[in-house]
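Residues per chain are reported as follows:
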Amino acid sequence: MRTSARPLTSRSVVVGLACVGILAAITTIAQRYGFSSLALDRGAAASWLAGDGLYAYRAPDSHLGTALPPPAALLVALAAVLPLPVAGWLVALAGVAALALALIALAGPVARRYGRRRWPVVLAAGALALTAEPVRASLGLGTLDLLVFGLVTADIVALRRRACADRRARWWPGRPAPAVPAPRLRRMRIEGGWAGIGVGLATALAVTPAFFIGYLAVTKQWRAALTAAATTAAAAAGALLIAPHETVAWAGEVLWRIDRSGPVDAPANQSLAGVLARLYDSASTPLLLWLSFSLLVVAVGMIRARSAHAEGDEVTAFTLVGITAAITGPVTGTHELVWVLPAVLVLLDEAARRRFAARRPPSLRPRRPGSGLATAAVLTYLLVVLAPMSGLTDPVSRNSYALALILLVNALPWRPGAAPTAPAPRVASDRPAIIPPPREPLVRGS
């Protein structure tokens, strides 16, 4: 009895401390940001429910309006009947839950691969993520970006499970698939039959996840791409039936305004359009120049994401697409840069793979394998924690996030065989497959 009760008690203590830490973090973040974005969207939703137009609303102090797509506006309209602190806390807790599930899916397999327990690694990753500016801003402003991140990550899990179903093995290492036929819904859950629904819902709540639909089409994952497109279309059709006037106004006018989410030259806008607007000292960006550079970045990001998918690293592929969508959007606030977090995880994992998989002779072995990638991961993490563009005025600091995103699009390495979605060859043994050491070269360009 004593030995069985001790792990349960220690686990309960850890869970309790984690909950207390999360509540303290949300309280501190809410005091700093004040749920200002949620207050704006909530005011627009309240005005809409009162009979005025959703997109005609302007905040009394900032004279800004909402740019939420109609499905997201319908979701936020539920917060209009609640006090702002209650609505903000509900959105923040939902964001923390989505972040926790995403970290379990992203960091859990990495821990298992190195023989570590999953929960300590996930808890450490969650504590570090709460200090990053994208997470702080999303929780403090009351946006839906963490929910969107969680929905897209769910499709990564679904694609992994669908691929591993072909070799009768679950994507969690060491857990074989059931040998007996399962009911239809359970089989759909185990084999990842929902792939595409998460991206489709994320696209309905925000515009930029449409890049993931394009990526699924580029990599010829047609079933997931069609599921995502159909889910987005269904959500849009539902919004059209419930709020036809607002849906038409958003699709015909709001969607095509470059500054629909705020001023293009604002320091918080870390997109390529914001960088060009600040360099030209203009309230708007040079349109043709922005479109030209954006198409180039999209081409590089998609080509490298397709290469990562072909090498069996779906996490890096999705990360490259998410970063590409962030840098090429017209207005990208810091709360939309959540995909920098899995980029840091990829850099750390690749550094560890290089260090532990260096089995060459001492004369050919690198002096410090993986040290460069580990340094890049630490610097990227420090950048998203410190957020230098809010306190410094030099051009590099003001555009630091955008420059980091461009570097990641062009240089983020992928890990061959780390998280495949292509069916692996069958093996005769029932033991879980061991991921082979990465091949050379490890970092491949576009």
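Predicted model, so just to flag it, every value in this text is computed and none were measured. Counting from 1, residues in each chain are numbered in the order their sequence is written. pLDDT decides what is reported in this predicted model: residues at 70 or higher carry local features, side-chain atom pairs at 80 or more are listed and counted, and totals for whole chains, interfaces and linings draw on all residues regardless. Excluded from the side-chain calculation are hydrogens and water; included are all heavy atoms of the structure.

1. Here we look at the packing of helix 10 (residues 210-218) against helix 15 (residues 314-328)
Relative placement of two packed helices is described by the angle separating their axes and the distance separating the axes. Where we set the bar: Here an axis means a line fitted to C-alpha atoms, over the contact stretch when the element is a helix, while the angle between two N-to-C directions is reported on a 0 to 180 degree scale. Numbered from the N terminus, helices here are DSSP runs of H or I no shorter than four residues, and strands are runs of E no shorter than two. The scheme is simple: roughly parallel for angles under 35 degrees, roughly antiparallel for over 145, roughly perpendicular for 65 to 115, oblique for anything else. Each helix crossing is assigned a hand: it is left-handed if the near helix lies turned anticlockwise from the far helix by less than a right angle, otherwise right-handed if that turn is clockwise. Note on contacts: a residue pair is in contact if any heavy atoms of the two residues lie within 4.5 Å. Classes in brief: Ala, Val, Leu, Ile, Met, Phe, Trp, Tyr, Cys and Pro nonpolar; Asp, Glu, Lys and Arg charged; the others, Gly included, polar.
Two elements in contact, helix 10 and helix 15, have axes separated by 9 Å at closest approach and are oriented at 135 degrees. Comparing the axis directions of helix 10 and helix 15 gives the class oblique. The crossing of helix 10 and helix 15 is right-handed. Between helix 10, through Phe-211, Phe-212, Tyr-215 and Leu-216, and helix 15, the contact on the second element is made entirely by Glu-314, Ala-317, Phe-318, Val-321, Gly-322, Ala-325 and Thr-328. Taken together, the residues of the contact of helix 10 with helix 15 break down into eight nonpolar, two polar and one charged.

2. What to know about the pattern of salt bridges
Pairing is possible between side chains of opposite charge, provided their charged atoms come close. Filter applied, for reference: Here, a salt bridge means any Lys or Arg side-chain nitrogen found within 4 Å of an Asp or Glu carboxyl oxygen. Exposure classes here rest on a 1.4 Å probe applied to the protein chains alone. A residue is buried below 20% of its type maximum, exposed above 50%, and partly exposed in between.
Enumeration over the complete set of coordinates arrives at six salt bridges. Of the charged contacts, one joins Asp-349 and Arg-415 as a salt bridge, the two residues approaching to 2.6 Å between their closest N and O atoms. With a gap of 66 residues between them, Asp-349 in helix 16 (residues 340-356) and Arg-415 in the segment after helix 19 (400-411) connect regions that are remote in the sequence. Overall, Arg-415 belongs to the buried group, its relative accessible area being 3%. The partner of Glu-350 in a salt bridge is Arg-353, and the shortest N-O contact between them spans 3.6 Å. One end of the pair is Glu-350 and the other is Arg-353, both in helix 16 and three residues apart, which spans about a single turn. Here Arg-353 falls in the buried class, since its relative accessible area comes to 5%.

3. Things to note about the nonpolar core
Under the convention used in this document: Throughout, nonpolar core names a set of buried Ala, Val, Leu, Ile, Met, Phe, Trp, Tyr and Cys residues whose side chains join them through atoms within 4.5 Å.
Membership of the largest hydrophobic core comes to 108 residues, with the highest contact counts inside it found for Val-135, Leu-139, Tyr-215, Phe-318 and Trp-339. Here the element with the most residues in this core is helix 4 (residues 84-113); it accounts for nine residues.

4. Comments concerning the environment of Asn-410
Relative to the helices and strands, Asn-410 resides in helix 19. Accessibility expressed as a relative area gives 44% for Asn-410, which makes it partly exposed. Each C-alpha atom of the pair Asn-410 and Val-297 lies 8.6 Å from the other, and the pair is 113 residues apart in sequence. Every residue in contact with Asn-410, bar those within four places of it in the chain, is listed here: Val-300 and Arg-304.

5. Examining the side chain of Thr-316
Following the sequence through the fold, Thr-316 ends up in helix 15. When near neighbours in sequence (up to four residues on either side) are disregarded, Thr-316 contacts Ala-308, Val-346, Leu-412, Pro-413, Trp-414 and Arg-415.

6. Regarding helix 19
Quick reminder of the rule: For a helix, the expected span equals 1.5 Å multiplied by the residue count minus one.
If you check helix 19, its first and last C-alpha atoms are 16 Å apart, about what 12 residues at 1.5 Å a residue would give, namely 16 Å. All of the buried residues in helix 19 are Ser-400, Tyr-401, Ala-402, Ala-404, Leu-405, Leu-408 and Val-409.

7. Overview of the environment of Ala-79
Note on placement: Ala-79 falls in the loop between helix 3 (70-77) and helix 4. Exposure remark for Ala-79: the relative accessible area of 10% places this residue in the buried category. With 12 residues separating them along the chain, Ala-79 and Val-91 place their C-alpha atoms 9.1 Å apart. Those residues in contact with Ala-79 that sit more than four places away from it in its chain are Arg-42 and Ala-87.

8. Considering the confidence of the model for the protein chain
Under the convention used in this document: Every residue carries a pLDDT, the predictor's confidence in it, which falls somewhere between 0 and 100.
Overall, the predicted model of the protein chain reaches an average pLDDT of 83, with 82% of residues at or above 70. Low pLDDT (under 50) marks residues 167-175, which in the prediction has 30 contacts with non-local residues, meaning those over four places away or in another chain. Taken as a whole, residues 420-446 scores under 50 in pLDDT and shows 46 contacts with residues more than four places along the chain or in a different chain.

9. Points about helix 14 (residues 287-310)
Between the first and last C-alpha of helix 14 there are 34 Å, a value that for 24 residues agrees with the 34 Å anticipated at 1.5 Å per step. The complete set of buried residues in helix 14 reads Trp-290, Ser-294, Val-297, Val-300, Gly-301, Met-302, Arg-304, Ala-305, Ala-308 and His-309. Those residues of helix 14 that are buried are in contact with helix 10, helix 13 (272-279), helix 15 and helix 19. Gly-312, located one to two residues past helix 14, shows a positive phi value of around 90 degrees.

10. Let's talk about the packing of aromatic side chains
As a reminder of what qualifies: Only rings of Phe, Tyr and Trp enter the pairing, Trp through its six-membered ring, and a pair is recorded when the two centres are within 6.5 Å. The plane angle decides the type: under 30 degrees is stacked, over 60 is edge-to-face, the rest tilted.
Inspection of the entire model under this criterion finds four aromatic pairs. Judged by centre distance (4.9 Å) and plane angle (80 degrees), the rings of Phe-149 and Trp-339 are edge-to-face. Residue Phe-149 is found in helix 7 (residues 145-165), and its partner Trp-339 is found in the loop between helix 15 and helix 16; the two are separated by 190 residues along the sequence. By relative accessible area, Phe-149 is classed as buried at 3%. Considering the side-chain rings of Tyr-215 and Phe-318, the 5.4 Å spacing of their centres and the 75 degrees angle between planes classify their relative orientation as edge-to-face. Remark: Phe-318 occurs in helix 15 and Tyr-215 occurs in helix 10; sequence separation between them is 103 residues. This pair shows no difference in class: Tyr-215 is buried, exactly as Phe-318 is. Aromatic ring contacts, followed pair by pair, group Phe-149, Phe-212, Tyr-215, Phe-318 and Trp-339 into a single cluster.

11. Brief notes about unusual backbone geometry
You will see that Phe-35, though not glycine, has its phi angle at about 55 degrees, which is positive. Positionally, Phe-35 belongs in the loop between helix 1 (2-33) and helix 2 (36-49). Although it is not a glycine, Asp-281 adopts a positive phi angle of roughly 50 degrees. Of note, Asp-281 is situated in the loop between helix 13 and helix 14.

12. Topic: the packing of helix 4 against helix 5 (residues 118-130)
One can describe the packing of helix 4 onto helix 5 by two numbers: an axis separation of 8 Å at closest approach and a directional angle of 130 degrees. Taken together, helix 4 and helix 5 sit at an angle that is classed as oblique. Where helix 4 crosses over helix 5, the two elements pack in a sense that is right-handed. Between helix 4 and helix 5, the residues in contact are Leu-99, Leu-103, Ile-104, Ala-107, Gly-108, Ala-111 and Arg-112 and Arg-118, Trp-119, Val-121, Val-122, Ala-125, Gly-126 and Ala-129, respectively. The residue inventory of the contact of helix 4 with helix 5, partitioned by class, reads 10 nonpolar, two polar and two charged.

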